[in-house]
Amino acid sequence: DEVFPLVRAGFMTKADSPLKVYACFRIEHCPGGRPASCGAFRDTSAVACGRCEDDTYEASWGCQACKDEGFAGNVLPLLLMLVFATTLIVGITFVMNRPLSSQKHSAMEISVLMSLTVVAMQTLGVFDQVSVTWLEPLASILRACKLVGFDLKILRLSCLISSSEVASYGFSQSPILFSSFVAALSLGIKKCRKPTISFRTEFGNTMGNVASMLFISLVLSCVRPLICYSHPSGNGASVSSYPSVLCFQSGSGHFTMIGIGALTFVLVPLPFLALAVVATRMYPTVMNRERDSLLFLNMLRFLFVKFNPSAYYYGTVMLMRSLSVCMVPVIFQDQSSTQVVVMILSILSFLLMQQTIRPWRKRTTNMADGVLSAMLVVLLVVGSMASAHISKDGALPYLGVLAFAGIVLVCIGGLVHSLYRHFRVHPWFHSFICHHKADAAAQARYLKMLMDTQSRSTTFIDSDHLRDLDTLFDIVRCRISQLVVYLTHDTLTRPWCAGEIATAFNQQKVKMVEVRTASFVAPTDEQLADLDKYIDFSNCSLAKYGFVIEDIRDAFRCLLSSNGVRRETPDYSLGPRARMELLARTVLSQGSHSNQMVTCPALPDQDGMILLSSDTEDDEATAAAGILSAKMQVHALGMERGICSLCDFKESQSDSQPPDASSQIDLVRLIHRSSACIVVLSDGTLRSHVQLRFIVHAMTKQNSAKQNSAMQAQGMTNSGSIVSIAVIPVRTRSFEFPTERRGSDHSHHPSAPSPTHT
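S.K.: Now, about the state of the cysteines: what can you tell me, with residues and values included?
M.R.: For the structure shown, the criterion picks out five disulfides. With a sulfur-sulfur separation of 1.9 Å, cysteine 52 is cross-linked through a disulfide to cysteine 63. A torsion of -80° about the S-S bond marks the disulfide between cysteine 52 and cysteine 63 as left-handed. Of this pair, cysteine 52 sits in the loop between strand 2 (17-23) and strand 3 (56-59) while cysteine 63 sits in strand 4 (residues 62-65), placing them 11 residues apart in sequence. In this pair, the class of cysteine 52 matches that of cysteine 63, namely buried. Sulfur-sulfur distance for the disulfide between cysteine 228 and cysteine 247 comes to 2.1 Å. Here cysteine 228 and cysteine 247 share a disulfide; its torsion about the S-S bond, -105°, makes the bridge left-handed. Linking cysteine 228 in strand 5 (residues 228-230) with cysteine 247 in the loop between strand 6 (237-239) and helix 9 (254-267), this pair joins segments that are 19 residues apart in sequence. Looking at the unpaired cysteine 222, the closest cysteine sulfur is the one in cysteine 326, lying at 9.5 Å. The class for cysteine 222 is buried, based on a relative accessible area of 7%. In this structure cysteine 647 is a free cysteine whose sulfur lies 9.0 Å from that of cysteine 644, the closest cysteine sulfur available.

What follows is the structure in structure tokens.
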């Protein structure tokens with residue numbers, strides 16, 4: 001009998017060369033002992049026992065016989081994977097191509113979390129290529145994750161067709177072709193049903209989403225032939241994924257694999273990465289041109305819309321992170337410690353950047369991304385600890401399982417949270433007041449206060465969140481019952497107002513109410529045809545939020561024609577307070593009480609009142625007075641009926657009416673019985689007869705009181721004291737104190753009061 005040296009577990013020798021020792025990529029493949037000793041159903045003639053025998057397939061726990069499963073059992077995994085992949089691609093095709101203006105944040109959050117989950121699974125597949133001894137059950141978990149990385153051995157293809165390692169590797173490049181075919185077929189059917197869609201734009205967006213989500217798998221499948229591990233005694237090296245293939249040796253099929261991988265890399269990952277880099281560099285320039293930015297963003301929405309506009313570049317950063325992770329086992333071969341350290345540094349550096357920038361639109365996705373990266377680092381640390389001198393530590397496998405459980409919990413928990421937010425919208429607002437802050441800030445605020453007082457629901461004002469337009473549009477999209485468009489002179493020229501109107505127009509469940517004030521002038525047909533000039537895009541671009549000019553134009557035309565839009569007009573025959581109360585009531589009650597009689601109350605007959613004066617012809621000034629009156633009634637204890645805004649009462653004379661003596665006498669009597677006079681200064685104050693008379697009488701009483709006090713102090717009079725009052729000016733933004741030149745202009749103004757009036 002011939003005597004042969006025996007080898008340890010994890011190594012093997014071939015029967016025809018018993019002195020040439022090969023290291024097995026997994027210790028369970030090679031039990032050790034005599035030459036040609038391999039695990040169950042493994043080919044003893046293959047280098048490193050790296051191939052299963054004929055009529056067997058590679059499972060996560062070893063080779064299994066095909067006949068044990070039957071034909072149905074061998075075909076079922078492939079069919080299930082095809083059905084799952086088809087459903088996923090069709091879902092991406094239809095969901096990710098919906099108009100951005102109608103896409104809820106919660107739906108986008110769900111898609112981002114699913115994408116992060118897939119990226120985490122692909123990263124675990126890369127970990128399986130690292131020269132680290134993974135303990136069970138982590139080893140089986142990582143091998144299962146290789147399925148996402150286009151390692152299709154687990155689908156039992158060897159039971160259906162007899163194929164070599166080269167053919168198996170070539171077949172692993174087919175998922176991207178299959179994805180393209182399914183996406184093209186889905187979009188072809190969609191275009192037959194809706195011919196107006198752009199096939200090229202939606203196909204590019206669909207495949208962009210697929211490629212960005214599976215970028216790690218795309219790169220890893222291309223570089224897999226370059227990830228090798230060495231055999232002892234200079235006996236060459238084997239491909240980690242195909243141990244029976246010797247690296248850089250003719251006849252083993254390795255050069256053919258490299259050629260297939262290089263061709264795939266040049267055709268798919270490299271052009272995609274180059275497109276992302278070029279598009280990211282072009283983004284700031286293109287987005288400054290509103291018309292060009294629409295087409296640009298629609299074609300590349302997969303790269304930009306998931307992130308905050310300020311972090312538009314983070315899509316390319318994520319691709320760079322994926323590329324760096326894939327290249328670690330290629331560059332640092334057979335250096336397990338270096339591989340682990342470099343990969344940890346890579347993940348931590350991008351984690352630090354992500355937590356600093358916080359690029360995702362929602363807080364949940366930023367947190368989930370950070371926790372997933374942290375758990376991946378923990379898994380690498382656990383793997384690095386599984387060396388020969390500490391691998392017997394019984395707690396080590398449990399630490400790894402705990403880290404993997406953390407990844408699963410983050411993914412599932414994040415998805416559950418997003419689904420909960422998607423189906424249970426909170427907070428909910430009955431109405432959303434869209435307005436131009438410079439023209440109608442006080443009017444909108446006053447209308448909100450009256451609507452909140454008259455109903456149990458809450459009204460939202462866009463100026464409260466004007467800095468975060470993304471959240472603003474999402475509130476219109478899914479958190480309101482109706483959009484109240486408060487039209488003043490420049491409302492439709494504001495980009496955020498245009499975005500809110502277009503968003504509501506695309507949501508059938510959101511009703512629109514149009515409130516036309518006296519200052520509103522509808523845009524002409526020429527202005528509607530050229531909205532790029534009509535809307536002021538100098539400080540805000542709507543394209544980055546997914547709006548196109550055509551959608552805004554259609555929404556404006558629908559609004560102005562009252563096609564499906566309820567129109568309410570303020571009743572200017574009433575006083576400011578009665579007018580706003582009636583408007584709030586009709587908006588809340590959908591117009592059912594629009595004809596209800598509303599009358600102005602009479603002036604209260606009470607001493608010690610606080611009087612508020614405002615320009616009755618200025619809607620902003622009267623609304624500011626109404627807000628001030630309401631707030632003072634809340635905070636002034638014991639003075640609930642002692643605050644009087646003169647413009648709310650019928651005795652308050654309008655500037656359009658000639659002054660008469662009785663009204664002046666009533667005004668003097670009110671001022672003499674008051675404790676304080678508040679004057680709301682606005683643009684028309686110095687042209688308002690009513691306000692000027694109020695100011696003169698209030699200052700006259702204040703000066704008389706001061707003179708009386710001075711004379712009593714000097715003993716020059718014995719008459720009773722005159723109670724002094726406080727005269728408090730409240731300046732609005734529209735008021736400008738007159739200079740000498742402005743005062744001269746006012747004196748010659750046609751509406752300026754004559755000396756006899758004052």
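S.K.: Lay out helix 18 (residues 469-478) with the relevant residues and their values.
M.R.: With nine of its 10 residues buried, helix 18 lies for the most part within the structure. Residues of helix 18 that are buried: Leu469, Asp470, Leu472, Phe473, Asp474, Ile475, Val476, Arg477 and Cys478. The inward-facing, buried residues of helix 18 contact helix 2 (105-127), strand 7 (429-434), strand 8 (459-461), strand 9 (480-487) and helix 19 (495-506).

S.K.: Would you mind going over the pairing of strand 12 (residues 609-613) in detail, with residue names and values included?
M.R.: Taking burial as the measure, the five residues of strand 12 include five buried ones, the bulk of the element. Side chains Met609, Leu611 and Ser613 of strand 12 all project onto a buried face; the interleaved residues Ile610 and Leu612 project onto the opposite face, where all are buried too. Here five bridges tie strand 12 to strand 14 (residues 674-681), and the two strands are oriented parallel to one another. Note on strand 14: the bridge partner recorded for serine 613 is valine 679. The sheet contact formed by strand 12 and strand 13 (residues 643-645) spans three bridges and is parallel. By the bridge assignment, leucine 611 is partnered in strand 13 with cysteine 644.

S.K.: Talk me through the pattern of salt bridges; I want residue IDs and the actual numbers.
M.R.: What the rule picks out here adds up to 16 salt bridges. Between arginine 516 and glutamate 514 there is a salt bridge; the shortest N-O distance is 2.1 Å. Overall, glutamate 514 belongs to the buried group, its relative accessible area being 0%. Linking aspartate 530 and lysine 533 is a salt bridge whose minimum nitrogen-to-oxygen distance equals 3.9 Å.

S.K.: Explain unusual backbone geometry residue by residue, including any values.
M.R.: At alanine 36, a residue that is not glycine, the phi angle is positive and equals roughly 60°. With respect to the helices, strands and loops of the structure, alanine 36 is situated in the loop between strand 2 and strand 3. A residue is classified by how much of its surface remains accessible, and alanine 36, at 24% relative accessible area, is partly exposed. In this model, phenylalanine 248 sits at a positive phi of 55°, which is unusual for a non-glycine residue. Structurally, phenylalanine 248 is set in the loop between strand 6 and helix 9.

S.K.: Outline the packing of aromatic side chains, supporting the account with residue identities and numerical values.
M.R.: The relation between two aromatic rings is expressed through the spacing of the ring centres and the mutual angle of the planes. Inspection of every chain in the model, using the stated rule, returns 15 aromatic pairs. Where phenylalanine 215 meets phenylalanine 272, the ring centres are 6.1 Å apart and the plane angle is 40°; that geometry is what we call tilted. Of the two residues, phenylalanine 215 sits in helix 8 (residues 215-223) while phenylalanine 272 sits in helix 10 (residues 269-287), which places them 57 residues apart along the sequence. Assigned by exposure class, phenylalanine 215 and phenylalanine 272 land together as buried. Aromatic pair tyrosine 312 and tyrosine 313: ring centres 5.5 Å apart, planes at 80°, arrangement edge-to-face. A residue is classified by how much of its surface remains accessible, and tyrosine 313, at 28% relative accessible area, is partly exposed. Linked through ring pairs, Tyr283, Phe304, Tyr312 and Tyr313 together constitute an aromatic cluster.

Cut-offs applied
- Residues numbered from 1 in each chain as written.
- Predicted model: local features only at pLDDT ≥ 70, side-chain atom pairs only at ≥ 80, totals over all residues.
- Heavy atoms only, no water.
- Disulfide = S-S within 2.5 Å.
- Helix = DSSP H or I, 4+ residues; strand = E, 2+ residues; numbered from the N terminus.
- Buried < 20%, exposed > 50% of the residue type's maximum accessible area, 1.4 Å probe, protein only.
- Contact = heavy atoms within 4.5 Å.
- Pairing = 2+ DSSP bridges.
- Salt bridge = Lys/Arg side-chain N within 4 Å of Asp/Glu carboxyl O.
- Phe/Tyr/Trp six-rings, centres within 6.5 Å; stacked < 30°, edge-to-face > 60°.

Interpretation in functional terms is not warranted from these geometric data alone.
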